[in-house]
Every structure is written in structure tokens, then in C-alpha cells.
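# Chain and residue survey
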Amino acid sequence: MVSLEDARRVIAAAEKKSHETRQPMNIAVVDEGGNLVAHVRMDGAWIGSIDISQKKAYTSRAFDISTKELAAHSQSGGQFFGIHTSNNGKIMIFAGGIPLRKDGKVVGAIGVSGGSGDQDNAVAEAGAAAF
């Protein structure tokens, strides 16, 4: 289970990392069912990234894999090529989504959007580490 308290802790750690990158982000945390627990749009973060952050979190939980890793497998010729068209368009194959694990089991995910793929992923990793 990902509680609101958990989500706030994850978001706070991600925000701290985002400040270090000097790139405002949208940060979403979902529970085991892929449902949104909390979302933050930092001042100045792109409004178009609200949806992307939430979908990155959903994708990471839906497949229990980081979106960065999924992206590597979803390129032309890859084993998951075309996966981004599944689930009524809810699948994001950009870096920045990371599963949240408790006792080795995926119980939720974080999704971050607003910078480069490397920035999004670094911010998501910081958030996931706080879980």
C-alpha cells in the first residue's frame, strides 16, 4: 500500500532533486492499482507534463518496470514495440517512471515529467529511494 504520507515523502525527495537540476517537474505517485495518490506541479513546470507524469507512474506500475527500461524494449524491432498504443493511450515509454517496492513487491510507482529523460529519471530515482 502507498499511503498519502508515503506519497508526500516520495514527492518531497523528488522535489528536492528537481531543485538541484533547476528544472521544475510534475511528480505523480500511484498506488498498487495504478490509481493516483498524489501529484505536484512545481512552480513553472509544463502543464503538458501533468498528464505525462501520471501516465509514467501508471505505466511503471502496470508493467512493474521502469519506463526507461520499457522504452529500451519498445523501439522498432524490440520485444515490446508498439506497447505505447495499448491501454487506451495510457502507456508512456519515456524515462521517468519507477516502481515503488515494499518487501520486494511492487506496491505503486512514481512518475516524473518536465525535463530531459535523464533529468526526469534522476528525479524519479530520488523519489523512489525515499519510499
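Higher on the page you've got the structure.
These remarks concern the structure in this document. (Residues numbered from 1 in each chain as written. Predicted model: local features only at pLDDT ≥ 70, side-chain atom pairs only at ≥ 80, totals over all residues. Heavy atoms only, no water.)

So, about the nonpolar core. The biggest cluster of nonpolar side chains holds 18 residues, and the ones touching the most others in it are Val2, Ile27, Val29, Ile110 and Val112. For this core, the secondary-structure elements that each account for two or more residues are helix H1 (4-21), strand S1 (26-30), strand S3 (97-102), strand S4 (105-113) and helix H4 (117-129). Among the elements that line this core, the one with the most residues is H1, at 4 residues. Tyr58, Ile65, Ile83 and Ile93 belong to the second-largest nonpolar core, a separate cluster that totals 7 residues. (Core = buried A, V, L, I, M, F, W, Y, C linked by side-chain atoms within 4.5 Å. Buried < 20%, exposed > 50% of the residue type's maximum accessible area, 1.4 Å probe, protein only. Helix = DSSP H or I, 4+ residues; strand = E, 2+ residues; numbered from the N terminus.)

Here we take up the pattern of salt bridges. A full pass over the atoms with the stated rule returns 6 salt bridges. Between Asp51 and Lys55 there is a salt bridge, with its nearest N and O atoms 3.2 Å apart. Of this pair, Asp51 and Lys55 are both found in helix H2 (residues 48-63), 4 residues apart, which corresponds to roughly one turn of the helix. Here Asp120 ties to Lys56 by a salt bridge, and the two come within 2.9 Å at their closest N and O atoms. Of the two residues, Asp120 is situated in helix H4 and Lys56 in helix H2; the sequence distance between them amounts to 64 residues. (Salt bridge = Lys/Arg side-chain N within 4 Å of Asp/Glu carboxyl O.)

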